[in-house]
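# Breakdown of the fold
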Amino acid sequence: MEFFATVAARRAIKHYADKPVTEADFERIMQAVLLSPTSYNIQHWRFVRVTDSQLRTELQAAAWGQTQITEAAELVIVCADTQAWSDNPQRYWANAPADVQAMMLPMLASFYQGKGLLQRDEAMRSSGMAAQTFMLAAKALGYDTCPMIGFDNERVAEMVNLPAGHVISMFITLGSADKPANPRAGQIPLTEVLIENRF
Ligand SMILES: Cc1cc2nc3c(=O)[nH]c(=O)nc-3n(C[C@H](O)[C@H](O)[C@H](O)COP(=O)(O)O)c2cc1C
């Protein structure tokens, strides 16, 4: 699908048909995710693909029963590792020339070291962009998605054994719409969104 048509066609879909996502398409969507941008190329997004139907049911209970969690063919939990900047960071620049590596690696450490809020902000920024890549790639292949934050974060963290230093950004359901989204609820005008130079 053409890019702007894909952006316009992506909607938050709540009702899904009983139709699988092919393995090849799931892989293609995730390969697109890997090309999402991250500061210092730290690629700290982690996607939990929930294939265990019992876990899906439990996750649905932790998300106030939202039906798309069990109806959709796929559910991913977008997470991020806030400590990825310190986890063998040389691998993020493995193909760069030696002088670039020598410059970037100490910069990376001094940028993130001891800055918990920045580490968390960064995780949310990056996972948001990766989530959008996921949703647009899915739409381009003819699938539908719904991003979700309506769940009990602590319960979900326990259910998926979220490792220390990781955060949960959102759920995304993926599948084929059974019912289209309602008409768009209303977009605020560009004049409110776009500021020239200063607020
Ligand atoms: C971060 C985020 C969290 C959301 N959480 C939920 C949710 O828990 N349940 C739900 O039904 N929709 C959820 N939505 C979907 C929004 O309601 C939807 O994106 C918004 O109304 C705009 O509609 P559209 O995506 O179809 O353009 C969420 C969207 C975002 C971006």
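Placed above this text is the structure.
We now turn to the structure provided with this report.

What counts, and at which threshold
Residues numbered from 1 in each chain as written. Predicted model: local features only at pLDDT ≥ 70, side-chain atom pairs only at ≥ 80, totals over all residues. Heavy atoms only, no water. Buried < 20%, exposed > 50% of the residue type's maximum accessible area, 1.4 Å probe, protein only. Helix = DSSP H or I, 4+ residues; strand = E, 2+ residues; numbered from the N terminus. Pairing = 2+ DSSP bridges. Expected span 1.5 Å × (residues − 1). Arc of directions from axis to C-beta. 1 Å grid on protein atoms, 1.4 Å probe; cavity = no way out; pocket = protein on both sides within 12 Å on 5 of 7 lines; lining within 4 Å. Points joined across faces, edges and corners; volume = space filled by probe spheres on them. Phe/Tyr/Trp six-rings, centres within 6.5 Å; stacked < 30°, edge-to-face > 60°. Near = heavy atom within 4 Å. Polar contact = N/O pair within 3.5 Å; in protein donor to acceptor, adjacent residues only side chain to side chain. Areas by Shrake-Rupley, 256 points an atom, 1.4 Å probe, with all protein chains shown as cover. Nonpolar A, V, L, I, M, F, W, Y, C, P; charged D, E, K, R; others polar.

## Points about the pairing of strand E3 (residues 144-148)
- By the criterion of burial, E3 is predominantly enclosed, with 4 of the 5 residues buried.
- With 5 bridges connecting them, E3 and strand E4 (residues 166-175) associate as antiparallel partners. Paired with Pro 147 across the bridge in E4 is Ile 172.

## Observations regarding helix H5 (residues 98-112)
- Under the 1.5 Å per step criterion, the end-to-end length of H5 is 22 Å for 15 residues, consistent within 8% with the ideal 21 Å.
- Listed as buried for H5 are Gln 101, Met 104, Leu 108 and Tyr 112. Buried positions in H5, seen along its axis, are confined to an arc of 75 degrees and lie on one side of it. Facing away from the buried side of H5, by more than 90 degrees, are the exposed residues Asp 99, Ala 102 and Ser 110.

## A closer look at the layout of surface pockets
- Volume-wise, the largest pocket comes out at about 220 Å³.
- As for the largest pocket, its lining consists of Arg 10, Arg 11, Ala 12, Ile 13, Lys 14, His 15, Lys 179, Pro 180, Ala 181, Asn 182 and Arg 184.

## What about the packing of aromatic side chains?
- The final tally for this structure, using the stated rule, is 8 aromatic pairs.
- Between Phe 47 and Phe 134, the ring centres sit 5.8 Å apart and the planes meet at 25 degrees, which makes this aromatic pair stacked. Residue Phe 47 is found in strand E1 (residues 45-49), and its partner Phe 134 is found in helix H6 (residues 116-140); the two are separated by 87 residues along the sequence.
- Of the residues examined, Phe 47 reaches a relative accessible area of 18% and is grouped as buried.

## Some details on the site of the ligand
- With respect to spatial proximity, the complete set of residues near the ligand consists of Arg 10, Arg 11, Ala 12, Lys 14, Gln 66, Gln 68, Cys 146, Pro 147, Met 148, Ile 149, Gly 150 and Arg 184.
- For the ligand, an oxygen atom lies 2.7 Å from a polar atom in the side chain of Arg 11.
- In isolation the ligand offers 620 Å² of accessible surface; the protein chains occlude 60% of this area.
- Tallied by class, residues from the shell around the ligand come to 5 nonpolar, 3 polar and 4 charged.

Everything listed is a geometric property; what it means functionally is a separate question.
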